[in-house]
Every structure is written in structure tokens, then in C-alpha cells.
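A look at the structure
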Amino acid sequence: MKKPVRLLLLGTGLFVAGIAGFGLLALQSGVQTWAARRALAGQPSLKARVGQVSAGFETVALHDLHFEQDGAQVALPSFLAELSVIDAGLNKKIHLRRLVARGWTLDLTAYKFPEPASPSVGAAGVAAAPAAAVAQVFHGIFAQAALPFDLTLDGVELEGVVKLPPAPGVSSGLAHVVIKGGGMGAGREGAFTFNVTIALTGTAVPVSSLSVTGRFSAAMDTPRTFSRLATHAEASAQGPQFPQGVKLAADVAATRVTGGENFAITLSDGARVLAALKADLSAANRHLVGTWKLDLRDTELTPFTLGRTLPIFSLIGDGGLDVDVATAEVRATGKLNASGDKLGAIRPELAVVGAVQILAEFDLARRGDSLRVERLSAAIAGAEPVARVESLQPFEFNARTGELKVADPARELLGLTLQGLPLAWAQPFLGKIAVSGGPVRGEFAAIARNGGFALRPKQPLTVGGVSLAQPGKPLLRSVDFSLNASADYTPQGWQAELTPLVAKEGAATLLTLEVKAGQLLGKDQPIKATGKFSADLVGALAQPLGEGMLALTAGHAAGDFVVSLGAKQEIQAKLALSNLAGDSKITKEILPSLSAEVRAEISDNGATTLSVPLLIERDGRKSDLLLAGTLAPGKAGLVLDAKLSSANFVVADVQVLAGVAPASAGGAVGPETTPPWAGVSGRLIVALKKVVYSDAVVASDITGTVTLEAGAAKLVNFRAGLGEGADAKVNGGVTFNPKSATPYALAAELAVNEFDPAPLFRALNPGQPVTVEGKFSVASQLGGHAAHLGDFTETTTGNFQFSSRGGVFRGLPVRFAAKVESAGKIAAGAAAIGNLIGSVTGKKESSDLANKAQAVAEFSKTLGEIRYDQLNVVLSRDTALNTELKDFTLIAPELRLVGSGQAHHRAGAGLLAQPFSAEFALRARGRTAELMKYLGTLEPQVDELGYARCTLPLKVSGSLGQPDTTELNQRLATLALEKSGVTEKASELFNKLLGGGK
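Throughout what follows, the structure given in this document is the object of discussion. Since the model is a prediction, treat every value here as computed from it, not as a measurement. (Residues numbered from 1 in each chain as written. Predicted model: local features only at pLDDT ≥ 70, side-chain atom pairs only at ≥ 80, totals over all residues. Heavy atoms only, no water.)

1. Quick notes on the overall build of the protein chain
Looking only at helices and strands, the protein chain features 15 helices and 53 strands. In the protein chain, which comprises 998 residues, the proportion classed as buried is 34%. A separation of at least 24 residues holds for 51% of the contacts in the protein chain among residues at least 6 apart in sequence. Total accessible area on the protein chain stands at roughly 53,400 Å², and carbon and sulfur atoms take up 60% of it. (Helix = DSSP H or I, 4+ residues; strand = E, 2+ residues; numbered from the N terminus. Buried < 20%, exposed > 50% of the residue type's maximum accessible area, 1.4 Å probe, protein only. Contact = heavy atoms within 4.5 Å. Areas by Shrake-Rupley, 256 points an atom, 1.4 Å probe, with all protein chains shown as cover.)

Here it is, written out as C-alpha cells:
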């Protein structure tokens, strides 16, 4: 039996020794410091560290404590609390004999002050917040101040500094804080003094020193409850703007009395009361009843705002306060006369408001989400009366349910009169857009309807002479607006209507707009709107925003739209432009009518699905375009995936609109800094069934893809049919380098097969013989640099290789070929007469003249219209925009023609109108060679194919569209008129017949 007892005693001893050991270990500073650091590490939102923790049975000491939160930093070198730790932990008795903290620093220079309440909280939530706060505060201060432990506080010594955040004109501020006192316990009144001295430095400091001294007292009737709390504080400020100093005194007291609590708050400047609130809380009926009074101006508060600028203001008023603590209903009554100026101190944009005054009388009650209006009358004025609102009968409105309760539904609830609302007051909401014009006037009445209310106009809203402008750019000039607006609100939703909005310039109506919009109440319900509009384009384009767009003398725009704005946004709009007429000084063309329908759907991730069909009608013809696809957010901007298609598109009907677009004013424009596709990548697929350039030039089945990248727009596999088996292929692109003076660079390849240029020649040069006819294949490389994308029509360079396997060439026209043939017939008759005379006189005239004239006629026909078997041409356009004919080779059964030349660039002239010069060499055989030999214009030597060189000068000038072969014509005329025994009279006759060789 002894052995188990000894084992039990030994085990108990070891357990007690273990507990003691752990207790001694817990009292070690190192262990306490480790535990404190571990606890601080578990607070991720609090950056904190501690140097040492030392806690005994009667003291708790901290050394070198630092922590940071929301930018505020606290450095506490030492903290000492003398109290019984065991009593505090086991008996819930805290007897602080001494609490000391000296040398601490609170740094607020980087503190992130809380943002104002977000508007997204909603009107109901914002309005309910003050009532809830008042109800919580006045639910009974002393009941809420009851402690869960016994408290005795003998002495407190706190001393440190606060580094203040910078303010306008204040570079730094330092507050020295000292708090001392004690004597607080059951049956005693503790007293604490505080002294705060603030020093400010900066370039525009209104006060250089600010001090706040005061006394806080707390009386306890039991170890855990208070019977009275009171604070008296005096603040004084002195500085350059206040050499005599300014003082304020504040008294705050709360006293528990039999049957309730009394509260009093007073702010004074020593001579008069600036603000006061007195209230009594009845424990029996749980009502807080009091009065309030204001006689406060900015001049009393400015010295104590630590350099922050206040607007000029004055608040004078008084009234009553009644809070039902049980139901949290707050009722406020009173009168208020408020005036203000220099409101830019609140927000810079409000500076335009200027001086304002508000006179108000009110009797309002708030309970939960409901606002009850017993009486409300308010008027606001600037230099002139601005607006007035007045309740016409009591009503109650629940912001959460939308329910409206009224005594008499047949009577009006509110009257709102806009006597002269300055348009400049809208400036804060318009950003950089400047607005000017007359005041807004109008009158509305609110009436009860279907459990909600309706707002109806009694007088339309009007505003005259409205002008809008961006920096350096006017947008709208002197436009008068009138508007009939109405709105309905019920517990099921709201609806607003504009019927209509009319914009006029003088007597001319520029725009009429009718809109209906509404929303059902409930989560994620979309806002839906419909409307229609019409506009006079001439008047609208005369406004600054439209100046220089189109030179129209007539035109009308009309359309309608349907919009749904929610998690998914949907837009459908129709637009029609009709009765367009251009300025006759610019164009006499009939302008087309245009109509478009836009369908867009924007998802919650920002992706837009778009469909835009466009119809152009002119002279009974119709052109159509359809752009459809998506535009979605990407890593580096927007990503495009769309298709541009058309069944029939007449280019001339679109180009005619360019005739009413005035040319831009002169003056050099610098290179662009971003391309039109900046911020957009992706692709645009092109599928155009038929594109009509003219009656003679039609392209079909144009297909290809435009790809957009960060620095380039590329054409990929573009193909087009050019009629009768001809087609064209294009690949290439445009790159953009913002560092270059000509940032756009073009590199492309063009290939054309079986293309007959004759219709193009006829379209470009109506009435002129076509220079060349035949099916051509073209291979070309295009390049160029430009400061602007539209400049490539003037700056493109490249090489072109043309080849044809049969056709007609008219590049060496002889203008008098028909005359030569007629003259040849006359010459034959003259020769016969000559021979008859010769037989009589014994002297014959040669028939050589007639034969030569006929030979020249036949040769001219051959040369003027060469039917070739093969034609190869190499053209090159250089950086000076001159087009060089590098190699011209023509092969016909009896002719070979080679040559070179150049078309000199002339600004504003098309390729066929450019000045042209070329020189050709002709070789001939067969019948053509015989004619040339007869005329003495053929060298005797022949090559291996039997061709001999022609000695005639084959020089061409003029232009590609109208080649000039004057020298050749003159040489042929000379050949036709050479004498061969014909008399001078006959020679002169032939010369006259031939027109002098021209």
C-alpha cells in the first residue's frame, strides 16, 4: 500500500513541478516576446513588430513597438502599465495604478483617409445611415458605456507627437500631445487634462500655431458604470492672418438623471454661441427630445482647419429634434438660412456656381426606409431667384419599396419651379466642355399615382442661346431648346418621357427628339428606351460641329432607336438621309439617299456584336454594304473579327458625295502619330459581289482579308474578277513607323490576267480613239511612303510589266490618213490628164505623185492602227512620280516596234493626262516594207527574219490619252507632196487638199 501512495505523491509532485516550470517559463521575457510576435504575425492587415515584451504579476511593459495600417505609422519606444494581472484575468478587476507612454510618434503624412460613401450604395442606404447612427448614439450613452469589468484608474501619463498630413500651402505640421490625469473609480470623478500644441510651416500658412487645451471628466457611481461624462476644450489660433488670435470653446456633457439622460453640446467663440444642441432622453417613453441652433460662419472655423481652405459660408437657423429610440424614427423641424460662395474650395468645378443662398423651412421624419414630409419649403437664389420647391400636402415615401402614401391622392404633392437655373451650374458635370447660355426655366408638379408619383410639366423647360465648346474648338452656337418632360414612379418601376425636345436656331428647327425610357424595379432589370428624331441637315451642318463636313443646300435626316441597357446592352437604330442637294457652285450632280440600320449587342465582358447594313440609292440604282462581326477587348486593345459584304456597289454614287465635301483648308499638316487602326487587331473579311466603277469597268467577286496588327495593315489573297475571264490578285500591306517623317510605308504585289484596258481608256478619255486594245497580263510591285494614309494615290512608286498576245495599237496616229487617200485618187486623175497633155506636146508628166500619195495613205493606215501579235511593256514610276517607259516591244506580221519614253508628273492630273514623250524604232517587211521602200524611208539591209529599219522619225509627245505625232505627220505630208514632174499648180492643189501636211 505504501508503494502506490509513494508513486501517487511522486506523480503529483512532478505534475506540480511541471506546471510551475511552465509558469516560470511563461514569465520569461523571451517567451513573452516570441508569443507577442507570433500573435502580430497573424494579423496580415497590420504591419507590426515589437522589440521586447515583459509581463509580471503587477506590471506589463512593451518596448520598441511599431505598427502601420492604411499608411498611418505608430512608433512607441516604451509602454508601462502597473496593474494586478491576476485580478484582471481571474476576477475581472482592472486597477490601473499607473499607465505611462512617452516619446511615441503617430505619423499621418501618408495616411489614406477613407473615401466618401460611394453613390452605388443607393439613395435609400445613404438616407438611412444618419437615422441609424442617431438612433444608435442616443439609445442611451450610459447604457452603452457600461463596462464588462471593474475599473479603477489612478494615473495616466501620455506624451508624444503627431505628424500631420500635408495640406494646400502647408508643407509640414507637428502636434505635441500631452494627456495627464486620474482619480477615476466608483464614487469618484476622474479628471484628465489634455494639451495639444500644433506648429505649421509652409508658403501660405494662415496660422503658425494652434493649441487645444481642455479637461475631460468621468464620474462613476459603480465600478462599472458612469453617471456623468463631460469635456471642456478651448482652442486658440494665431498667425499672419490672425495677429490678434482667434479662440473657440466647446462643451460636451452627458448626465444620467432620474428618469433618463441629458445631453448638451455647445460651440462658442466667447462672445456668442455658434452651434448648440440640447436634448433629453426619457427612459419611460424612449424619446429623445431636443433643440438645435446654428449661427456659424466660415471665419470662425478657418483658423482651425490646418491650412485647408473652406468656402465662404453662413449657417443661421434653429429648430427641434425628436428621436423615438424604440422605432428609430428621427424627426427634424426648423428654419435654415444658408449662404455660400467660392464653392470651388469643395470641388474646383463648383467655382462657376458663385454666391448662392438657400432659405428652407422643414418638418421631416425618417423611420427605417421611409421619409415622411409634413412640411417642406425651400428656395435657392444666386444673383437672381433660381428655383423653389414646396410640399403641397403631407406624404410618406418608402425608398426601398417605392411606396407612396398621401392623405389626398387627388391633390398635388410637390411644386417645383425653375425660375432661372444658371446654365453654368451644369459645368461641373461636363468636364472639359464649356457651356454658356441663358438660364433654364420651367415648372413641374408631382402628383400621387398608382402607389407612386408622377411628375408633370406645368410649363415646358426652356433654355436659350446655348453654346458648347471644347478647348479651342466650338461645338454648338446659340441654340434654343424647349422640352416637355414627364416622369412616373411606382413600386413596380419608373418611366420618363420627352415629348419632344426641340432645338432651334432663330426660327429654324434644327432637331426634334422624342424619347421614352423606363426600368422595372428588381435586381438586374435593364433600362429600356425608345425614341425617334428628325433633323434639318443644312441647319445642323451650319453649326460649328458640322462646319466643313458637307456643302449642302438641302437635306433631311430622320431615324428611330431602341436601347436596352443592363448586364447585356442592346442597341437598334435606323437612320435615313434624304432630299440631299449640294451647293451648285461645287457640284451639279444629283446626290444619293442613304439609309442604315445599326444593330449592336454589348455583353458584360465588353465584347460588341455589330451589324450595320447600308443602302445607297441614286438614279434608280441601289448600292448596298453590310458590316457584321465582333469587336472584343484583348490584351493589347480591341480585337476585330468582321466581314464587309455587298451584292452591288456603284462607286460613282458614293464618290458624288465627295463633291459636297469641301476641300480642306490649305496649310501643311504634320505626319500622323498613330494609324487609324491603332488599338485594334484582328481581321476584316471582304466579299463584294459586284463593284461598278463605270459603265465600262465592273469588278466582280472581290474577296480577301484585311489583317490588322500593332504596326501594320495587310491585304491577304485579294482577288477580283475584271470581266470576260480577266482577274486581279493583290497581296501586301501598309506598315506604320511613328518615328519617321513619312510614317506610312506601302509594299504590295499586283497581278492581272487577261485584262482589256480599252473600256478603261474609253471611260477616262470619252470620244478619243483607244490607244491600245487587247488582253493584257500585268505583274507589278508597288511601294511608297506617305505622311498620311490618303497620300498614297500621289506617292506610290513601282514597276509594271505588261504583256499581250494580240490586239490593236494606236499609239502612232496619223491625223490625215483619210485626206491622203482622197488626194491620191485626185492625183491619179491629174496624172492621167498630164499624160494626155504630154502625148500632144511630146512631154509626159509622171504618175509618181499619185502613187506616192496612195502609198503614204496605205502606210498611214497601217501605222495608225497596228494589229499586233505580241506586245510587251515595262513601266516604272520613280520617287519623283515620273513614269518611265523602259521597254516597249511590239511584234506584228509585217512590223516590229520598239521604244522608250517618259510621262512627267504633273500634280492634279491623272496618269493618262500626264505630259508624255517617247521615241520608237520601226522595222518592216512584206507589203509594209515595199511601201516604205517606195517612199524611200527603208534601209536596204535586212535582218535574219527579213525586217529592215525604217528611217521615218517616230517621236510621240502629248499624253498617253492623246498621243501627238506631229513630226511624223509632217514627214508623211512631205512624202505625199514630193514633185515628180507635176506642175507647180498641181502641187499646190495637193498641198491644199492635204491641209498643209497637218
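Following the structure, the description resumes.
2. Re the side chain of arginine 366
Structurally, arginine 366 can be placed in strand β18 (residues 356-367). No salt bridge is formed by the buried arginine 366; the nearest opposite charge belongs to aspartate 369, separated by 4.5 Å. Reaching out from arginine 366, the side chain makes a polar contact with the backbone oxygen of glycine 368 at a distance of 3.1 Å. A polar contact of 3.5 Å, which involves the side chain of arginine 366, links it to the backbone oxygen of aspartate 369. (Lys, Arg positive; Asp, Glu negative; His and termini not counted. Salt bridge = Lys/Arg side-chain N within 4 Å of Asp/Glu carboxyl O. Polar contact = N/O pair within 3.5 Å; in protein donor to acceptor, adjacent residues only side chain to side chain.)

3. Examining the nonpolar core
Core analysis: the largest hydrophobic core is formed by 44 residues, its most contacted members being Phe888, Leu890, Leu897, Phe920 and Leu922. The greatest single-element share of this core, amounting to 5 residues, is contributed by strand β49 (residues 916-924). With residues up to four places along the chain from it excluded, the contact list for leucine 890 reads Phe809, Ile866, Tyr868, Gln870, Leu871, Leu895, Arg896 and Leu897. Membership of the second largest hydrophobic core comes to 35 residues, among which are Leu594, Leu657, Trp677 and Phe736. (Core = buried A, V, L, I, M, F, W, Y, C linked by side-chain atoms within 4.5 Å.)

4. Quick notes on a nonpolar patch on the surface
A grouping of Phe57, Ile86 and Leu90 is seen on the molecular surface, where their side chains present a nonpolar patch of about 340 Å² in accessible area. One can find isoleucine 86 in helix α3 (residues 85-90). What makes isoleucine 86 partly exposed here is its relative accessible area of 43%. (Patch = residues over 30% accessible without salt bridge, like charges linked within 9 Å, V, L, I, M, F, W, Y side chains within 5 Å.)

5. Digging into empty space enclosed by the protein
Under the criterion given, the structure shown has 1 cavity of 30 Å³ or more. Considering only enclosed or pocket space, the largest cavity measures out at about 30 Å³ in volume. Taken together, Leu164, Pro165, Ala167, Val170, Ser172, Gly173, Leu200, Leu306 and Arg308 make up the lining of the largest cavity. Looking at the lining of the largest cavity residue by residue, the classes come out as 6 nonpolar, 2 polar and 1 charged. (1 Å grid on protein atoms, 1.4 Å probe; cavity = no way out; pocket = protein on both sides within 12 Å on 5 of 7 lines; lining within 4 Å. Points joined across faces, edges and corners; volume = space filled by probe spheres on them. Nonpolar A, V, L, I, M, F, W, Y, C, P; charged D, E, K, R; others polar.)

6. With respect to the pairing of strand β12 (residues 242-257)
Bridging between strand β11 (residues 225-239) and β12 involves 11 bridges; their strand directions are antiparallel. Bridge assignment links arginine 228 to a residue of β12, and that residue is threonine 255. Between β11 and the antiparallel strand that follows it, β12, lie 2 residues. With 9 bridges connecting them, β12 and strand β13 (residues 260-268) associate as antiparallel partners. (Pairing = 2+ DSSP bridges.)

7. So, the pattern of salt bridges
In this structure the tally under the stated criterion is 34 salt bridges. Among the salt bridges present, the one from arginine 224 reaches aspartate 150, with a minimum N-O distance of 2.8 Å. Note that arginine 224 is positioned in the loop between β10 (209-222) and β11 and aspartate 150 in strand β6 (residues 150-153), a separation of 74 residues in sequence. Ionic pairing is found between glutamate 374 and arginine 372, a salt bridge with its closest N-O pair at 3.0 Å. Salt bridges linked by common partners bring Arg272, Asp295, Arg297 and Glu300 together as one network.

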